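# Chains, contacts and geometry: an overview
Listed here are the chains, written in short residue letters.
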Amino acid sequence: MATRRVLLVACGALVREVRAVLGQLADLDVDVEYLPANLHNRPEQITGAVCAVLDGAAARGYDHVAVAYGDCGTGGRLDAALAERGVARLAGAHCYEFLAGSAVFHALQDAEPGTFYLTDYLARTFDALVIGGLGLDRHPELRDLYFGHYHRLVHLAQTDSVELDAAARAAADRLGLAHERRSTGLGPFRSELERILEVA
């Protein structure tokens, strides 16, 4: 019997998590196309980038196609485009929700709406994506403009890493926020990825 061929279009911020889960799904033949993580700085470009891969893959003979993105600031445009193509994506507004699990994320938000979140990826790339991406390296006086309404930083940790814990604490200090660590592991993400990949 032929192996089922699957294409997953994924955000580049999820490379480690996707590889970790797919490494545990040995019976699945999955090709992964990663899009640049910095598309999140221009969310209006995410839908077009995802659809370009999907439409280019239409003639490549895949049995199933899925998308490892949340809405990610597209304002529903990604969902509309995926619905036209009959393609599923990860449930949730963003990676914080599907990495933590929806119930955990919403409980965190309800407890403190003024929360800034870091995943392991963002803890690892904080200086480049947050400090550099927002221009705080050149204009540190903008920190309070961007983060003045936040009260805490929550590190949603997918792994047990002393280095990433330290990086998240340093990020909280740099932004003047209280630090909290919440271990999520890969369980919620794996469940979502298995759902969209239609793993039996």
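Parameters and conventions
Residues numbered from 1 in each chain as written. Predicted model: local features only at pLDDT ≥ 70, side-chain atom pairs only at ≥ 80, totals over all residues. Heavy atoms only, no water. Helix = DSSP H or I, 4+ residues; strand = E, 2+ residues; numbered from the N terminus. Rg over C-alpha atoms; globule rule 2.2 N^0.38 Å. Buried < 20%, exposed > 50% of the residue type's maximum accessible area, 1.4 Å probe, protein only. Lys, Arg positive; Asp, Glu negative; His and termini not counted. Charge placed at Lys NZ, Arg CZ, Asp CG, Glu CD. Core = buried A, V, L, I, M, F, W, Y, C linked by side-chain atoms within 4.5 Å. Contact = heavy atoms within 4.5 Å. Pairing = 2+ DSSP bridges. Axes fitted to C-alpha atoms, helices over the stretch in contact; angles between N-to-C directions. Right-handed = clockwise from strand over helix to strand, strands pointing away. Expected span 1.5 Å × (residues − 1). Arc of directions from axis to C-beta.

### Focus: the overall build of the chain
Helix and strand content of the chain: 10 helices and 7 strands. Its C-alpha radius of gyration of 18 Å places the chain within 12% of the 16 Å reference for a compact globule of 200 residues. In terms of its C-alpha atoms, the chain occupies a principal-axis envelope of roughly 60 × 30 × 30 Å. Taking all 200 residues of the chain together, the buried fraction comes to 44%. A gap of 2 Å separates the mean positions of the 19 positive and 27 negative side-chain charges of the chain.

### Regarding the nonpolar core
Ranked by size, the top nonpolar core spans 62 residues in total, and within it L8, V50 and Y69 carry the most contacts. Broken down by element, this core gets its largest block of residues, 6 residues, from strand β1 (residues 5-11). When neighbours within four sequence positions are excluded, L8 is seen to be in contact with V18, V30, D31, V32, E33, A66, V67, A68, L193, I196 and L197.

### Remarks on the side chain of T74
Looking at where T74 falls in the secondary structure, it is placed in the loop between β3 (64-68) and α3 (77-85). Of the residues examined, T74 reaches a relative accessible area of 0% and is grouped as buried. Apart from residues no more than four positions distant in its own chain, T74 is found in contact with P43, I46 and T47.

### A few points about the sheet that holds strand β7 (residues 178-183)
If you walk across this open sheet you meet the 3 strands as β5-β6-β7, and the pairing is parallel. Each edge of the open sheet carries a strand with a single partner, namely β5 (115-119) and β7. Taking each pair of neighbouring strands and ignoring which way they run, the sheet shows an average axis angle of 25°. Seen against the sheet, helix α5 (residues 102-111) touches β5, β6 (152-157) and β7 and runs at an angle of roughly 150° to β5. Contacting β5, β6 and β7, helix α9 (residues 162-175) crosses the sheet at an angle of about 165° to β6.

### Description of the environment of L118
Residue position: L118 is located in strand β5. Classification of L118 by relative accessible area gives buried; the value is 0%. The sequence separation of L118 and A172 amounts to 54 residues, and the corresponding C-alpha distance is 9.7 Å. What L118 contacts, discounting residues up to four positions off in sequence, is A123, F126, L153, V154, H155, L156, A168 and A171.

### With respect to the pairing of β1
With respect to burial, β1 is a largely interior element, 6 of its 7 residues being buried. Across 7 bridges, β1 lies against strand β2 (residues 29-35) in parallel orientation. Its bridge partner lying in β2, V6 is registered against V30. Once the chain exits β1 it traverses helix α1 (residues 15-22) before rejoining the sheet at β2, and the crossover so formed is right-handed. In this sheet, β3 lies alongside β1 in parallel orientation, the contact comprising 5 bridges. Bridge pairing in β3 places A10 opposite A68.

### Notes on helix α2 (residues 46-57)
Between its terminal C-alpha atoms α2 stretches 17 Å, which fits the 16 Å expected from 12 residues at 1.5 Å a residue. Residues of α2 that are buried: I46, T47, V50, C51, V53, L54 and A57. Projected down its long axis, α2 shows its buried positions confined to an angular sector of 160°, all on one face. Of the surrounding secondary structure, the elements contacted by the buried residues of α2 are β1, β2, β3 and α3.

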